[in-house]
Amino acid sequence: MMSADVLSEEIRSQYGKAATIVIVTRKTSKYCARNTNPDEQPRPTTTQRYYISSLKPTHENFRQLVHSIGVRWYFETHHNTLNSFFLQDKQALCDKDNINVTVAKNKILYNVTSYAIQRLSQEDFRRTKFRTESSEKRKPLSFKMTRQALASDIYLAFKIITDYFIEEL
């Protein structure tokens with residue numbers, strides 16, 4: 001985090017009352033998608049994102065900025081799941097009733113699938129292979145793996161749905 005005073009006046013004027021810049025650096029390791037050899041070393045990657053805020057660069061505001069960035073990415077992740085898993089952006093929504101029904105259906109499906117991920121991950125439900133035993137133990141099932149598991153076992157899907165609605169009541 002640093003003061004926006006380091007930026008030129010021309011750049012600051014584009015962002016209104018910019019007071020603080022937060023630079024978030026993320027270091028990850030990427031495996032080649034076709035790599036089936038677990039001994040092959042991953043490629044390290046670094047990405048930087050810049051966030052501009054009107055809050056002054058103080059310790060208390062830093063906590064607020066970190067919280068706000070986390071909330072933003074929570075919603076981005078949720079929206080990405082709705083787009084990729086439920087194809088929400090590809091649905092033809094023309095009238096208000098259709099929009100309401102589709103949003104309600106997606107919300108229920110998202111909640112049930114999240115519940116299924118939690119339950120199946122806790123029960124060590126695995127039909128997939130991971131690179132190492134340690135990654136298998138700490139990584140929950142993805143939405144895609146959960147959908148495949150529920151689609152391939154109708155009894156499991158029915159059990160998850162009934163458990164979800166019984167526990168929620």
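Look a little higher up for the structure.
Summarised in this report is the structure supplied together with it.

Basis of the calculations
Each chain carries its own residue numbering, running from 1 in the direction its sequence is written. This being a predicted model, a pLDDT of at least 70 is required before a residue's local features are given, and a value of 80 or more before pairs of side-chain atoms are given or counted; all residues contribute to the totals for chains, interfaces and linings. Heavy atoms from the whole structure form the basis of all side-chain values; hydrogens and water molecules are not counted. We count a stretch as a helix when DSSP gives it H or I for four or more residues in a row; a strand needs E for two or more, and each element gets its number in order from the N terminus. An expected span of 1.5 Å times one less than the residue number is assigned to each helix. The buried label applies to any residue whose accessible area, calculated with a 1.4 Å probe on protein chains only, is under 20% of its type's maximum; exposed applies above 50%, and partly exposed to all values in between. Within the patch definition used here, like charges are joined within 9 Å and nonpolar side chains (Val, Leu, Ile, Met, Phe, Trp, Tyr) within 5 Å, considering only residues with over 30% relative accessible area and no salt bridge. With residues, only the protein chains shown are counted as cover, and all accessible areas are computed by Shrake-Rupley using a 1.4 Å probe. Here a salt bridge means any side-chain nitrogen of Lys or Arg lying within 4 Å of a carboxyl oxygen belonging to Asp or Glu. Directions pointing from the helix axis toward each C-beta atom define the arc. Using a grid of 1 Å spacing that covers the protein atoms alone, one calls a set of points a cavity when a 1.4 Å probe fits there but cannot get out, and a pocket when the set is open and has protein on both sides within 12 Å along at least five of seven lines; lining residues are those with an atom within 4 Å of a point. Grid points are joined across faces, edges and corners, and a volume is the space filled by probe spheres set on the points.

### Remarks on helix H2 (residues 59-85)
With 27 residues, H2 should reach 39 Å at 1.5 Å per residue; the first-to-last C-alpha distance of 39 Å fits that figure. Considered for burial, the residues of H2 that qualify are Asn61, Leu65, Ile69, Thr81, Leu82 and Phe85. Leu87, located one to two residues past H2, shows a positive phi value of around 50°.

### Some points on a nonpolar patch on the surface
Taken together, Met2, Val6, Ile23 and Tyr50 make up a surface patch of nonpolar side chains, about 370 Å² in accessible area. Looking at the secondary structure, you find Tyr50 in strand E3 (residues 43-53). Judged by relative accessible area, which is 53%, Tyr50 ranks as exposed.

### Notes on helix H5 (residues 143-152)
Along H5, the positions that sit buried rather than exposed are Phe143, Met145, Thr146, Ala149 and Leu150. Each buried residue of H5 sits inside an arc of 165° when the element is viewed along its axis, so together they form one side. Facing away from the buried side of H5 by over 90 degrees, the exposed positions are Lys144, Ala151 and Ser152.

### A short note on the layout of surface pockets
When its volume is computed, the second largest pocket comes out at roughly 260 Å³. Lining the second largest pocket are 10 residues, and of these Arg26, Thr28, Thr47, Arg49 and Trp73 sit closest to its centre. Contributing elements (two or more residues each) for the lining of the second largest pocket: strand E2 (20-30) and E3.

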